[in-house]
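Each chain is listed here by its residues.
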Amino acid sequence: MELRQSTHSVTRFYIRFCSTVLLLCVLFQAKAYAMQDSLSVNIQGKNMTIAQVFKTVHQQTGFIIFYNNSILDDQQRVDVHFVHANVRDVMDFVTNGKPLSYVIKNRFILLQREEIGRPVSWQTTFNREEAPNITVTGTVRDPQGQALPGVTVSLKGTTTGTVTDASGNYSIEAADGTGTLVFSFIGYTTKEVPINNQNKLDVTLDNSVAALTQVVVTALGITRKEESLTYAVKSVDGEEINKAKEVNVVNALQGKVAGVTITKNANGLGGDSKVLMRGNRSITGNNQPLYIIDGVPLSGSIGMLNTDDIKSMTVLKGASAAALYGSRGQNGAIIITTKSGSAGPMVVNYSGGLTFDQAAVLPELQYEYGQGDGGVYVPNSEHSWGPKAEGQMVTLWNGDQVPLKGQPDRLKDFFRIGKTLTNTLSVSGGTDKVQAYFAYGNTRQLGIMRNSDLTRHNVDLKITSNITPKLSLYTKVSYVYEEINNRLRPGEGGTYALPSIYRSPTSIPTNEMKKYSYIDSTGAERQSYWKPGSSILLNPYWALNRVSYYEDHDRFMGIFLAKYAFTDWLSVQVRGSIDKTIGESNNKIWADNYFSLVGSDYNYGTSRSQGTNLDGLISFERDVTKDLNLSVNAGASVQTGNYKSVSGNANGLYKPNFFFMSNAKSPYVDNSYGEDPLVRSLYATATVAYKGFLYLDATARNDWSSALPKGKQSYFYPSVGLSGIISEMVKLPSWVTYGKARISMANSGYGGTEYLDRNYYEAGAGGQIITPTIQSLGNYKPELTSSFEVGLDWSFFQNRFGFNVTYYDTRTKNQLLLIGAPSASLFNQKYINAGLIRNSGVELVVNFTPIKATNFSWDATVNFSSNRNKVVRLTPTISSVILVDDRESQIRAVVGGSFGDMYVKDWVRDSLGRRLVDNTGAPILTADRTVFLGNYNPDFMLGFNNTFSYKNLVLSFLIDYRDGGYIIAGTQALIDADGHSKRSLEGRENGLVLDAYTEDGKKNTQSISAQKYWSMIGDRYPTGGLYAYSATNIRLRELTLSYTLPTNFLNRTHFIKGATISLVGRNLFFFKRDAPIDPEITLGLNGGGLEYGAMPSTRNFGFNLRLTF
Amino acid sequence: MKYNIFLRYRIYVYSILALGGLLGGCTKSFDTRNVDPTKLTSLTPLDVKSLFPTALYAGMNTGDDNGVDYQQSQNLFADDYAQYFASTQTAFSSDRYNIVQQWVRYQWYDTYVATLPSLVTIINETTTPETVTLNAIARIWKVFVLHRTTDYYGPIPYSHIGSDSIVIPYDSQRDVYYDFFKELTEAASDLKNNLNVPSYGDKDMIYDGDNAKWLAFANTLRLRLALRISMIEPDKAKSEAEAAVADGVMTDVSQDAYLKVAAPNNYNGLGRITAWNEFRMSASMESLLKGYNDPRMSKYFQPAVATGLYDGIRNGMVPAEQTIPENDYEHNSNVSARLGNDAMFSTPMSVMYSAEAYFLRAEGALNGWNMGGTAKDLYNKGIEMSLRTWGVTDMNTINNYINNTSLPVAPGGYFNTPALTDIPVKFSSDPAEQREQILTQKWLALFPDGFEAWAEVRRSGYPKRYPLIHSDNPDVPKDKLIRRIPFLDFDKDKNGPAVEAAKALLDGPDNAATPLWWDTHK
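Here the structure is a predicted model, which is why all the values come from computation and not from measurement.

Undergrad: I keep staring at the sheet that holds strand S9 (residues 169-174) of chain A and nothing clicks. Help me out?
TA: Within a sheet, adjacent strands bond to each other through the backbone by hydrogen bonds, running parallel or antiparallel. Residue and element names in this part refer to chain A. Reading across from one edge, S9-S6-S12 is the order of the three strands in this open sheet, with mixed pairing throughout. Across the chains shown, the open sheet's two edge strands, defined by having one partner strand only, are S9 and strand S12 (203-204). Inspection of the sheet shows strand S6 (residues 134-141) paired to S12 by two bridges, in the parallel sense. Its bridge partner lying in S12, Val140 is registered against Val203.

Spelled out as structure tokens, the structure:
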């Protein structure tokens, strides 16, 4: 069969297959839409409860049936046989012979006790002679401010009632203004509000106890009641994520989830963030979590998603939570569910935001001394060690005469106010058979760097359809297009524009720098820089304008899912997905950029990468006995992916600054191709629920990874957990609302990356053969993480106070380590299977509601987490592995230490620990980065979230606290050595007598010049120990104020159903910060604790508008 | 109804087929897919030959594509220690004897990880009579690369190269040198006996497959190594040197060894890094070249951009001194355009010159060895050969230079620098002065091979040198010469017990002041 031929043909077939099915789904649904079928119900069953019948009706038609439990006999069993029936048939059957009646409105059915002889109607006026004289309108919301559709609103003591519409709005007529309205809805506490002659009553319903039985999406897309879970999860809804309008959705989780550390990249626009859950697990591998979108693993960047499309995010932190995701889930998983349409009238939503970004933490500079060295004005100097700048006239490098004075605005002028404009328009709705959600979003971001911007378009289409009562299809297609100009490259790569402005003499006026080029005698454009040919620096404005990096990405994501329900307790589904990104880069380097070795230069490349996933799942759920419910999901999946790229490097251009590959002097082409391992898996999960208060959970998964050596490709890992709702098992005092205890143990494995089991030679340019530098591991084994966690989830006083606490311990062993090999082995590094890393920690979430009144409430949440990491074992002969070898620090994993221990160059100390100087008074420094400094990871993190609601006004803020860890401030080291920094003022006139001792134990009396001192300890290879700062910081991470426009006001517009406007601020200020930079800014995804020429972090202000039509 | 059922089942048939197929259907490809299609798992005989250029470029520290390895292995250390250049980059403390481990390890890395894997593979794969010349030339190049490395550190891993052990021991420098002589002798003999057996052909980026030239190269290298040990083991030195000369060393510029460069991958290492303006001509070069009115001045250097004058700077300045205008790169001489950035894809890299062979023989003759000529004749011939190497072919100019009696000048400048020494070019009658003249002229002729220049300054004490302005290395004061590169943290991390054991092979502590085996601390 064709399928057996080769991997490639299988992959090709699979892609073709996916596209065929996707197309089919779309066609089906288009057809289903066109037909506009009448709602049809098919139920056949014996011995069903009425509740089961209603549930099926809901599943098949989307109708929601509201009723009070007391009016139905839940023990009554019925035999039903409906084929192509409609809901009225069902309702008539159910109410037949009972004192019940029902009303259908939109997609809602209200079932009520029938008053003898009086029919129920939505507007019953039969019991009054006079016409009603008051109409009350309003909106019902949940505690998060989300509109609640389907809430039953009734006039107490009467049969008058209504149901809120899709926007949570209601309108009810009352006989007079003295009645009381009763608002009730499943999962919320029923609320009675006296009318008091008001025409407008907006109501917020509180979660009832039952609301704790929140449904969360867990591994494999299985939705489960939170109370049944044996491990800690955290769900964040889309509303919460969207509050502050982060362009990268992951950043919106900062401070909101205990145990998750999110560190923004120093790259600015479009940069990925580093997300760490419960500590670093893998020594030389990847520590980033797996992202799952609508049930399938994401292959490309998470940052490209439209945040407005996100309905909820569930964070699965532990191995137990992610055990079912296998290889890629051992660092935890973030499960993203996107919005979908629901049956009902069309709903149009618009969401827009405009945010302004301002460079927040800039280096502190001095403006008292001008350009020069040794106290003398030097127009070619890159330093500010010149004379006192007192307005004396000087001649600049370019011949202009200016007064020499400090230019305090120079740095600020370099940056602009960044702007981010986002718009999303979504349309959703559907019939009982087909529901659709369509959204178009765009993002336009202008970075604080003047040449940096991002444009992104997101299109999402999601269609859910019930082809027959048993077969449902789901299709999602997303397309993203993104263009980024001049994504920043921190450090000494790329344009070096940022370090160039940080390192410009503080007396050079901006308008002189802006004359960044001139035309020389040959007619060529040349850079106008004060020190031509500088080995590192450029005129910062030249760097902005004469180096251009461009990239764009086309991304396509498609998911299809077919689900067939054999009965209401047994179903099977098949799902396929593809996530494909095509990228292009186009980099132009003008002539006279000193860093280019070949004059003007040009690079152009294209790349494509994709991930594919196919899985099937059989789900079984039913009550085995009266008290015992069993649910089992068993499935199989296949995952793989590949990447390929071709890039050309011009190596100089014949005609300078004419950027086209045909103009390349000696083009060099690089071509790469690779595959992700093909991972096949079988897995199963089973949950046994006893009386709805005791849950036993077990999972098992076996993976076969093509990356592992032949015959050893299989690895198995199980998990088991138990949770009990104590508050339901035993009688507790009435102030205990809910109590749960849980415990779980899990293993998860990682099969490594491809091509590691043998050594390869490369055939390189010029006919050379290149030998391998990394020794392969012919018999490597999968990495295994075992974890254990226990936790308690309790709430008290009707949920006014509650906490979740979790203790965990994870151990990762058999790590696939890339370690140094003795060079004489003729390899630089080699792979081994070894090591044991332990992470243990505590996560605590405390919720409380200090104030809860009719119109005002205050809700607060505290997230606390602390992780301890220990490198227990590496190999029998190796006790230290270099993780990052940076100019500022060597970051190592040392046995007995922690992942991320930093070793730095430092001041040499005598036996009494005193700093030593030589006989000239200059510091004696260690030759290399050998002194242990500390770790870059925080000791603990605390988030404090507060929400104040007053009528339609909601104010919330988030304070984020990270304690401990070190950061080395590399930019500070540069500007100290250059004499630009404020602190380089110290000792300028009279020199510095360092507080230190000579080697023979005498107190130092020698003075050295400030320039000598700072250039010794700072500069490009700084003494890290003297530039290490505590990374502890407390900041106001987020502040939002939102106002929902009153319904009666909106009603006048006749088309706007809901409107919310909010003001947002992010990263507004620090309550505490020791480092001269934002310690959250790091270099790259793997680094930590190092800063060098990074983007300043930004302070953001903005406003968002959300409209529902 | 039928239609619906069909559709319903078609979905299933597709799904189940696809799922079943992917899960179980392609066992064979599942097992074979884990092979990188872009790389080679085995080598053909032609591939083996193609390893040679890799070894040549990496052996000259230009395997890296941006020049960093050339800079960090040679330019920041040997070139400064030899006082060919001095640093103008404030962040480079290596010019103040600071051993920046992060940089200096490039020589080690390039030797063991970038060069030797190719050479060892070639040597192991060429054991037939048809491949004898491939084998011999690979062994010659192996000695060339490793002699630079042992002359940095002293003891190095040698006899156990390629071992798979967790710890790979170091060998003493004496043992390493003795094996060098053995290897060169054998390889030269193999070449001599098989001169007509084709070798690398167009994969030989130095001699285009000319076995005779490799033979002269091998003997010249053997002569160089013989002189190196001439103070510690004079008898061994004499016998090796005389055998080398008898077997035929390089005698003419046509035998000069250059490594070809070609865009876009293979560049001239020095050329690649000159545009960065991080070093300039040293005051030592200035004193000699200016004083002798040396025709090579404009071949080696170019006038300073700011002044139009040839000027050099002192080694060991601190940033506050480096940034004073008269000491900065604008006011001092960069290398000539021939060695500059624009020529990095055209000027081949200098590996070894025939001129050196004459200076080595001249010194051997001074020692009383049979070098096939007198010290004076060989000295004069060496100068002539060096001038020819750099394109000075006019015999009058050459003879004028050889008979030149002018003395080195005092560069003066910010540090009021005096003349480096007081010897002229014209060969002296005083044997002590002769030795200084031979070694000083050899130093000039070796340019820009800082590795060899620094080694010979250590061995012979010539040419004289200026003290550093500052030393950042507490083990080596500014008026002393740095004697070696300490063992690397790079290898301590990976091969710790071996490094610890190797310290016993040193004639002193593991620091930069301890002389190597052949260094009698002149």
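Undergrad: Sorry if this is basic, but what is going on with helix H5 (residues 101-125) of chain B here?
TA: Since the α-helix advances by 3.6 residues per turn, residues separated by three or four positions end up pointing in the same direction. Residue and element names in this part refer to chain B. Given a rise of 1.5 Å per residue, 25 residues ought to cover 36 Å, and the 35 Å separating the end C-alpha atoms of H5 matches this to within 8%. Of all the bends in H5, the greatest reaches close to 50° and is centred on Leu116; the proline Pro117 follows between one and four positions later. Of all the 25 residues making up H5, 21 are buried; the element is thus mostly covered by neighbouring parts of the structure.

Undergrad: For this particular structure, what's the right way to read the pairing of strand S17 (residues 274-277) of chain A?
TA: A regular strand places its side chains so that they alternate between the two faces of the sheet. Residues and elements named next belong to chain A. Side-chain alternation along S17 places Lys274 and Leu276 on one buried face and Val275 and Met277 on a second face that is also buried. Where strand S16 (residues 260-263) meets S17, four bridges bridge the pair, whose relative direction is antiparallel. Across the sheet, Ile262 pairs through a bridge with Val275, a residue of S17.

Undergrad: How should the pattern of salt bridges be read in this particular structure?
TA: Side chains that differ in sign of charge can pair as their charged atoms come close. Within the structure shown, the criterion is met by 78 salt bridges over all chains. Between Arg33(B) and Glu675(A) there is a salt bridge; the shortest N-O distance is 3.9 Å. Linking Arg33(B) in the loop between helix H2 (27-32) and helix H3 (45-59) with Glu675(A) in strand S37 (residues 668-690), this pair reaches from one chain into another. Overall, Glu675(A) belongs to the buried group, its relative accessible area being 8%. Taking the shortest distance from any N to any O, the salt bridge between Glu1080(A) and Arg1035(A) comes out at 3.2 Å. Taken together, the positions of Glu1080(A) in the loop between strand S60 (1070-1073) and strand S61 (1090-1091) and Arg1035(A) in strand S58 (residues 1033-1044) put the pair 45 residues apart, joining distant regions of the chain. Of the two residues examined, Glu1080(A) and Arg1035(A), each falls in the buried class. By sharing partners, the salt bridges in this structure join Arg148(B), Asp151(B), Arg224(B), Arg228(B), Glu356(B), Glu363(B), Arg435(B), Lys442(B), Asp449(B), Glu452(B), Glu456(B) and Arg459(B) into a single network.

Undergrad: Would you mind showing me how to read the interface of chain A and chain B here?
TA: Frequently, the measure chosen for interface size is the accessible area that the parts lose on association. If you look at the interface, chain A gives 96 residues, while chain B gives 91 residues. The junction of chain A with chain B conceals about 8,400 Å² of combined surface from both sides, 60% of it contributed by carbon and sulfur atoms. At the boundary of chain A with chain B, the tally comes to four salt bridges. Salt-bridge contacts for Asp885(A) lead to Arg105(B); the nearest nitrogen and oxygen are separated by 2.8 Å. Put simply, chain A and chain B have 26 residue pairs in polar contact (both at pLDDT 80 or more) between them. Partitioning the side of chain A that touches chain B into residue classes produces 42 nonpolar, 31 polar and 23 charged.

Undergrad: Even after reading the chapter, I still don't get the side chain of Asn61(B), so can you show me in this structure?
TA: By secondary structure assignment, the location of Asn61(B) is in the loop between H3 and helix H4 (68-81). Separated by 3.3 Å, the side chains of Asn61(B) and Ser73(B) make a polar contact.

Undergrad: What am I meant to see in the packing of helix H6 (residues 132-153) of chain B against helix H8 (residues 211-228) of chain B here?
TA: When two helices pack together, their arrangement is given by the angle between the helix axes and the distance between those axes. Residues and elements named next belong to chain B. One can describe the packing of H6 onto H8 by two numbers: an axis separation of 11 Å at closest approach and a directional angle of 30°. Considering their axes alone, H6 and H8 lie roughly parallel with respect to each other. As for how H6 packs across H8, the hand of that crossing is left-handed. Taken together, the residues of H8 that come into contact with H6 (itself represented by Thr133, Ile137, Ile140, Trp141, Val143, Phe144, His147 and Asp151) are Asn211, Trp214, Phe217, Ala218, Leu221, Arg224, Leu225 and Arg228. For the contact of H6 with H8, the class distribution of residues is 10 nonpolar, three polar and three charged.

Undergrad: Explanation requested: unusual backbone geometry in the structure shown.
TA: Residues other than glycine predominantly adopt negative phi, and peptide bonds predominantly adopt the trans conformation. Of note, the amide linkage connecting Ala263(B) to Pro264(B) takes the cis form, showing an omega dihedral of 0°. Cis geometry is adopted by the peptide bond preceding Pro448(B), which originates at Phe447(B) and carries an omega value of 5°. Topologically, Pro448(B) is positioned in the loop between helix H17 (431-446) and helix H18 (450-460). For Asp294(A), which is not glycine, the phi dihedral falls at a positive 45°. For Asp294(A), a relative accessible area of 13% puts it in the buried group. In the Ramachandran plot, Gln83(B) falls in the positive-phi region, its phi being about 60° despite a non-glycine side chain. Relative to the elements of secondary structure, Gln83(B) occurs in the loop between H4 and strand S1 (85-87). A relative accessible area of 3% places Gln83(B) in the buried class.

Undergrad: Help me out: how do you make sense of the sheet that holds strand S55 (residues 966-969) of chain A in this one?
TA: All names here are of chain A. The mixed open sheet is built from three strands, whose spatial order is S57-S55-S61. Every interior strand has two partners, whereas the edge strands, strand S57 (1028-1030) and S61, have only one. Bridging between S55 and S57 involves three bridges; their strand directions are antiparallel. Bridged to Ile967 within S57 is Tyr1029. Here helix H11 (residues 970-977) sits on the sheet and contacts S55, S57 and S61; the angle it forms with S55, its principal contact strand, is near 30°.

Undergrad: I tried to follow the packing of helix H2 (residues 50-61) of chain A against helix H3 (residues 87-95) of chain A on my own but got confused; where do I start?
TA: Residue and element names in this part refer to chain A. Put simply, H2 and H3 touch, their axes get as near as 11 Å, and they point 170° apart. Taken together, the axes of H2 and H3 are roughly antiparallel relative to one another. On the side of H2, the interface is formed by Ile50, Val53, Phe54, Val57 and Thr61, while H3 contributes Val87, Val90, Met91 and Val94. A breakdown of the residues in the contact of H2 with H3 according to their chemical character gives eight nonpolar, one polar and no charged.

Undergrad: Would you take a moment to explain the confidence of the model for chain B for this structure?
TA: Do not read the fine detail of predicted coordinates wherever pLDDT is low. Per-residue confidence for chain B gives a mean pLDDT of 92; residues scoring 70 or more make up 94%. In the model output, the complex is listed with pTM 0.80 alongside ipTM 0.91.

Undergrad: Just checking my understanding: could you explain H2(A) for this structure?
TA: All names here are of chain A. Over its 12 residues, H2 extends 16 Å from the first C-alpha to the last, a length consistent with the 16 Å expected when each residue adds 1.5 Å. Every buried residue of H2 is listed here: Ile50, Val53, Phe54, Thr56, Val57, Gln60 and Thr61. The arc enclosing the buried residues of H2, seen along the axis, measures out at 160°, which places them on a common side.

Undergrad: Could you clarify how one ought to interpret the environment of Met48(A) in this entry?
TA: Residue and element names in this part refer to chain A. By the secondary structure assignment, Met48 is in strand S1 (residues 41-49). What makes Met48 buried here is its relative accessible area of 8%. Spatially, the C-alpha atoms of Met48 and Asp79 are 6.2 Å apart, while their sequence positions differ by 31 residues. Those residues in contact with Met48, other than ones at most four positions away along the chain, are Ile43, Val53, Thr56, Gln76, Arg77, Val78 and Val80.

The rules behind the values
- Sequence order as written defines the numbering, with residues in each chain counted from 1.
- Lettering for chains starts from A, numbering for ligands starts from 1, and both go in the order in which the items are written.
- Confidence filtering applies because this is a predicted model: local features only for residues at pLDDT of at least 70, side-chain atom pairs given and counted only at 80 or more, and all residues used for totals across whole chains, interfaces and linings.
- To get the side-chain values, all heavy atoms of the structure are used, and hydrogens and water are removed first.
- Strands were regarded as paired on the criterion that DSSP finds at least two bridges between them.
- Strands here are runs of E lasting at least two residues and helices are runs of H or I lasting at least four, both read from the DSSP assignment and numbered beginning at the N terminus.
- In this analysis, the expected span of each helix is defined as 1.5 Å times one less than the number of residues it contains.
- By definition, a residue's bend is the angle between the axes fitted to the seven residues ending there and the seven starting there.
- Relative accessible area decides the class of each residue, using a 1.4 Å probe on protein chains only: under 20% of the type maximum gives buried, over 50% gives exposed, and in between gives partly exposed.
- One side-chain nitrogen of Lys or Arg within 4 Å of one carboxyl oxygen of Asp or Glu is enough to make a salt bridge.
- Only heavy atoms enter the contact rule, under which two residues are in contact if any of them lie within 4.5 Å.
- Summed over both partners, the accessible area (1.4 Å probe) lost when two parts come together is defined as the buried area.
- Here a polar contact means two N or O atoms within 3.5 Å. Within protein one must be a hydrogen donor candidate and the other an acceptor candidate, and residues neighboring in sequence count only if both atoms are side-chain atoms.
- Nonpolar residues are Ala, Val, Leu, Ile, Met, Phe, Trp, Tyr, Cys and Pro. Charged residues are Asp, Glu, Lys and Arg, and all others, Gly as well, are polar.
- The axes are straight lines fitted to the C-alpha atoms, using for helices just the contacting stretch, and the angles between their N-to-C directions are given from 0 to 180°.
- An angle below 35 degrees is treated as roughly parallel, one above 145 as roughly antiparallel, one from 65 to 115 as roughly perpendicular, and anything else as oblique.
- By definition, any crossing whose near helix is turned counterclockwise from its far helix by less than a right angle is left-handed, and any crossing with a clockwise turn is right-handed.
- pLDDT expresses, on a scale from 0 to 100, how confident the predictor is about each individual residue.
- The directions considered for the arc are those from the helix axis to the C-beta atoms.

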